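# Notes for the structure review
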Amino acid sequence: MAGSCLKGRFLSLFDYKTEKYIVAKNKKVGVLYRVIQLSIIGYIIGWVFVSKKGYQETDEAIQSSVITKLKGVSVTNTSESGLLVWGPEDYVIPPQVKTFTQYVQTIRPLLETEISSLSPKVLDGHCRVDRDCDKGKMVVAGNGIMSGRCLRKDENSNGTCEIYGWCPIERKFKPHRGPLLTNAENFTIYIKNFIQFPKFKFSKSNVLETSDDSYLKKCRYDEELHPYCPIFRLGDITQRARYNFQDMSTFGGSIGIMISWNCDLDKGYSHCHPQYYFTRLDISVSNTTIATGFNFRHARYFKNATGESYRSLFKVYGVRFNIMVHGKAGMFSIIPTAINVASGLALMGAVSNINKFAFMFEFCNFPVMKVSSLHKTSFNRELSSVTWSFST
């Protein structure tokens, strides 16, 4: 007895069962059912597969290298420095940096200084006795290190701390006659970019693949005519960022050059192109910041005939170019395709549950429901399917 019971339960595992279904001839419920179905189908095809390319495996871990060169020559003739010829070796500071940024020098040397041990015009420099000057202490926003001595005219007067520093100190200066290199906007910058998507072993450059050695000497970047010419005129870069180069170079500025690689590798190597975007980075949305512009200081050291050390201090206002590279590549893969198809089928199955609630709500709104027909079909006396037709 127990054996036959277990045998029956075991054999029932191989039975195929279907559910009873009801056909409701109600236009509102039927229209809602089809609208939801079509919406899900449109979402899966239009958004998931066409727009977001859900059938592709993607790689956003782009590997990139950027090499830059700035070219252009200018001539100046000022009362301070006389006739000078400026080349990239003079106005590109520093010559090579790891972040591949460039500086365009636009102002003359500020002053010459020599070593001195006293500077009375410093913050936190007032004193009455030597202990007011901490030896080795750096003066806040000052120009040197305290020596530990307080220098006074007489015993009844206040004095200033002696410091070790370069003298005379830097004087306040702002350019008011415009940039020194007036034709700098006609200089060109060469931006060579190599990228690689390691997942797909795909690599490419933004330089045209050609055997013509003179191509880079005569081309200039144009989105339509020369998309693979990586040589940009500085004036065109600032214009694309919606700023005037002459206005910006007076007090300096920072320009962001974004290179975007969005590649559909299913279309082939020739359909992966770089896109360039330009923006100014040293201003805020409200345009009320006091920190606009860009400048920095550097010095050149020398000794006179007697061996005394001197330095020339330069305060440079210039344009800084920040080059940023980002990208994304996609290629067909069966795994994301199967996942998205399965998700779509699951959503389609959820439509029936949504419609059940809509049908129950609609059914409750009718006080009288007349059954017009009842059809019953039996299969092997166990499986039955019943069709109900309601009319209002």
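None of the values given here were measured: they were computed from a predicted structure.

What follows is about the packing of aromatic side chains. For the structure shown, the criterion picks out 11 aromatic pairs. With a centroid separation of 6.5 Å and an interplanar angle of 35°, the aromatic rings of Tyr55 and Phe332 are classed as tilted. Of this pair, Tyr55 sits in the loop between helix 2 (27-51) and strand 1 (56-59) while Phe332 is found in strand 17 (residues 319-332), placing the two residues 277 residues apart along the sequence. For Tyr55, a relative accessible area of 24% puts it in the partly exposed group. On the basis of relative accessible area, Phe332 is assigned to the partly exposed category, the value being 47%. Here the aromatic rings of Phe232 and Phe278 are separated by 6.0 Å at their centres, their planes lie at 70°, and the arrangement is edge-to-face. Residue Phe232 is located in strand 12 (residues 231-233), and its partner Phe278 is located in strand 14 (residues 274-280); the two are separated by 46 residues in the primary sequence. Looking at Phe278, the relative accessible area reads 12%, which means it is buried.

Turning to the environment of Met348, a few remarks are in order. Mapped onto the elements, Met348 comes out in helix 7 (residues 334-364). By relative accessible area, Met348 is classed as partly exposed at 23%. Taking C-alpha positions, Met348 is 8.2 Å from Ile41, a pair spaced 307 residues apart along the chain.

Now for the UniProt feature "transmembrane region" (unreviewed entry) in the protein. Per the UniProt annotation, the sites labelled "transmembrane region" (unreviewed entry) are residues 31-50. Counting secondary structure, residues 31-50 comes out at 100% helix and 0% strand; the distance between its end C-alpha atoms is 26 Å.

This part covers the UniProt feature "binding site: ATP" (unreviewed entry) in the protein. The UniProt record marks Lys69, Leu70, Lys71, Thr188, Asn295, Phe296, Arg297 and Lys315 with the feature "binding site: ATP" (unreviewed entry), using the residue numbering of this structure. Structurally, Lys71 can be placed in strand 2 (residues 63-71). Lys71 sits in the exposed class, given a relative accessible area of 54%. Leaving out residues up to four positions away in the same chain, Lys71 has contacts with Pro88, Tyr91, Phe187 and Thr188. Tracing the backbone shows Lys315 in strand 16 (residues 309-317).

Take the pattern of salt bridges next. Under the definition given, this model contains 7 salt bridges. Between Asp264 and Lys53 there is a salt bridge, with its nearest N and O atoms 3.2 Å apart. Of this pair, Asp264 sits in strand 13 (residues 253-264) while Lys53 sits in the loop between helix 2 and strand 1; the two residues are 211 residues apart in sequence, bridging distant segments of the chain. On the basis of relative accessible area, Lys53 is assigned to the partly exposed category, the value being 28%. What emerges from the salt-bridge pattern is a single network uniting Glu185, Arg233 and Asp236.

Conventions we followed
Residues numbered from 1 in each chain as written. Predicted model: local features only at pLDDT ≥ 70, side-chain atom pairs only at ≥ 80, totals over all residues. Heavy atoms only, no water. Phe/Tyr/Trp six-rings, centres within 6.5 Å; stacked < 30°, edge-to-face > 60°. Helix = DSSP H or I, 4+ residues; strand = E, 2+ residues; numbered from the N terminus. Buried < 20%, exposed > 50% of the residue type's maximum accessible area, 1.4 Å probe, protein only. UniProt positions renumbered as here; feature names shortened; annotations may be inferred. Contact = heavy atoms within 4.5 Å. Salt bridge = Lys/Arg side-chain N within 4 Å of Asp/Glu carboxyl O.

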